[in-house]
Amino acid sequence: MSEFDTQQFRSSIHPTPNCPILTSDDVTDFGAVDFVADPFLFPGEDKWYLFFEIFNDDRDPDAVIGLATSPDGYEWNYEGVVLQTEKHLSFPYLFEWDGERYMLPETGGEGDTMVELYKASDFPIAWNRCAIPVSGTHDTDDAVIFRWNGRWWLVVGDATISGVHLYYSELIERDGWHSHPDNPVVTNRSIAYRPAGRPVVTQDRIVIFYQDCANRYGEHVRAYEITRLDPTGFADNELDGSPVLEGEKTRIGWNSGRMHHIDPWYFDGQWLCAVDGNIQNSKLFTNNHWSIGIYTSDQL
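Remember, predicted model here, so these are calculated numbers, not experimental data. (Residues numbered from 1 in each chain as written. Predicted model: local features only at pLDDT ≥ 70, side-chain atom pairs only at ≥ 80, totals over all residues. Heavy atoms only, no water.)

## Brief notes about the overall build of the protein chain
Inference 1: Along its length, the protein chain carries one helix and 22 strands.
Inference 2: Computed over the C-alpha atoms, the radius of gyration of the protein chain is 18 Å, within 12% of the 19 Å expected from 2.2 N^0.38 for a compact globule of 300 residues.
Inference 3: In terms of overall dimensions, the protein chain has a C-alpha envelope of 50 × 40 × 40 Å along the principal axes.
Inference 4: Across the 300 residues of the protein chain, 57% fall into the buried class. (Helix = DSSP H or I, 4+ residues; strand = E, 2+ residues; numbered from the N terminus. Rg over C-alpha atoms; globule rule 2.2 N^0.38 Å. Buried < 20%, exposed > 50% of the residue type's maximum accessible area, 1.4 Å probe, protein only.)

Printed below as a string of structure tokens:
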């Protein structure tokens, strides 16, 4: 894992033959769904769990979090909606710490200014809000959380400035995390500001993925290495081999247009990655036709 090679990763990952593994047609309990997107995996003792956004433009709220399960990471069954609030929900970042399961979804959608943390009271179907790390200071467009050098870190996208804000805390279940003194640590970087999935964090390295929104929303997934991260400084740089994920650029197909999300897990000697994709723009289809797929790789 410490030898994560972006170029090799990009060249080795490929879709499983049964892609897409989930589409809007699989959802049976949220009306006429427009799309599914933002998938996050979580391994269980005897199955994989997959949490993702379900979007229905005719509902209020228009998006909730759904669940699918799989015995092997390849064949998936839709289980139902597992989190619904009074707000739009998407990007359900899942992680575990000290025996507890947490979810950090984007809440409120465009223009919202909160980052809200949820904890499972009955995993995977029941969730309660346990903290509000960020509130009321700027737009919060997707966020990722990870532990580094004894602290918890939040990387939060902000579409209004095409930038990134940083927050940190010694405790995970705490309101009002410390704002980094250099916030926003990134501005005017439309090619890479909005988190695009789970970072790869090892003992000595942080690789973070961002959406490329320079030409249109979520066109590619770019990979950056955070080279400095502490309470007084921040630096990152794009890695060779980036972007690591993009549409197939074919005329038709579930991922023929854009791809804007990746959740990579190293498992049994290969990468298992949850991704999403959109069809190529045309007069026949709308922009919002995201579906979910699984990519795998050979051993790296």
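## A few points about the packing of aromatic side chains
Inference 1: Inspection of the entire model under this criterion finds 19 aromatic pairs.
Inference 2: A ring pair is formed by Trp48 and Trp265, whose centres lie 6.0 Å apart and whose planes are at 80°; its orientation type is edge-to-face. Linking Trp48 in strand β3 (residues 48-55) with Trp265 in strand β20 (residues 262-267), this pair joins segments that are 217 residues apart in sequence.
Inference 3: For the pair Trp48 and Phe267, a centre-to-centre distance of 5.2 Å together with 80° between the ring planes defines the contact as edge-to-face. (Phe/Tyr/Trp six-rings, centres within 6.5 Å; stacked < 30°, edge-to-face > 60°.)

## Let's talk about the sheet that holds strand β5 (residues 77-83)
Inference 1: Taken in spatial order, the four strands line up as β2-β3-β4-β5 in an open sheet, and their pairing is antiparallel. Each edge of the open sheet carries a strand with a single partner, namely β2 (35-43) and β5. Geometrically, the sheet is characterised by an average inter-axis angle of 30° between neighbouring strands, direction not taken into account.
Inference 2: Across seven bridges, the pairing between β2 and β3 is antiparallel. Bridged to Phe40 within β3 is Phe51. (Pairing = 2+ DSSP bridges. Axes fitted to C-alpha atoms, helices over the stretch in contact; angles between N-to-C directions.)

## A closer look at empty space enclosed by the protein
Inference 1: Scanning the entire structure with this criterion turns up one cavity of 30 Å³ or more.
Inference 2: Taken as a whole, the largest cavity spans an internal volume of roughly 60 Å³.
Inference 3: Along the walls of the largest cavity sit Leu104, Pro105, Glu106, Thr107, Met114, Val115, Thr140, Asp141, Asp142, Ala143 and Val156, which together make up its complete lining.
Inference 4: Of all the secondary-structure elements, those providing two or more residues to the lining of the largest cavity are β7 (100-107) and β8 (114-122).
Inference 5: Residue classes in the lining of the largest cavity are distributed as six nonpolar, two polar and three charged. (1 Å grid on protein atoms, 1.4 Å probe; cavity = no way out; pocket = protein on both sides within 12 Å on 5 of 7 lines; lining within 4 Å. Points joined across faces, edges and corners; volume = space filled by probe spheres on them. Nonpolar A, V, L, I, M, F, W, Y, C, P; charged D, E, K, R; others polar.)

## Concerning the state of the cysteines
Inference 1: By the definition in use, this model includes zero disulfides.
Inference 2: Counting only cysteine sulfurs, Cys273 is the nearest neighbor of Cys19, a cysteine outside any disulfide, at a range of 11 Å.
Inference 3: By relative accessible area, Cys19 is classed as buried at 16%. (Disulfide = S-S within 2.5 Å.)

## Regarding the pattern of salt bridges
Inference 1: Overall, the coordinates contain 16 salt bridges when judged by the stated rule.
Inference 2: Glu116 is the salt-bridge partner of Arg129, the closest N and O atoms lying 2.9 Å from each other. In this pair, Arg129 is assigned in strand β9 (residues 126-135) and Glu116 in strand β8, connecting sequence segments 13 residues apart.
Inference 3: Between Arg222 and Asp212 there is a salt bridge, and its shortest N-O distance comes to 2.8 Å. Remark: Asp212 occurs in strand β16 (residues 206-212) and Arg222 occurs in strand β17 (residues 220-230); sequence separation between them is ten residues. In terms of burial, Arg222 and Asp212 fall into one category: buried.
Inference 4: Residues participating in the shared-partner salt-bridge network are Lys87, Asp112, Glu116 and Arg129. (Salt bridge = Lys/Arg side-chain N within 4 Å of Asp/Glu carboxyl O.)

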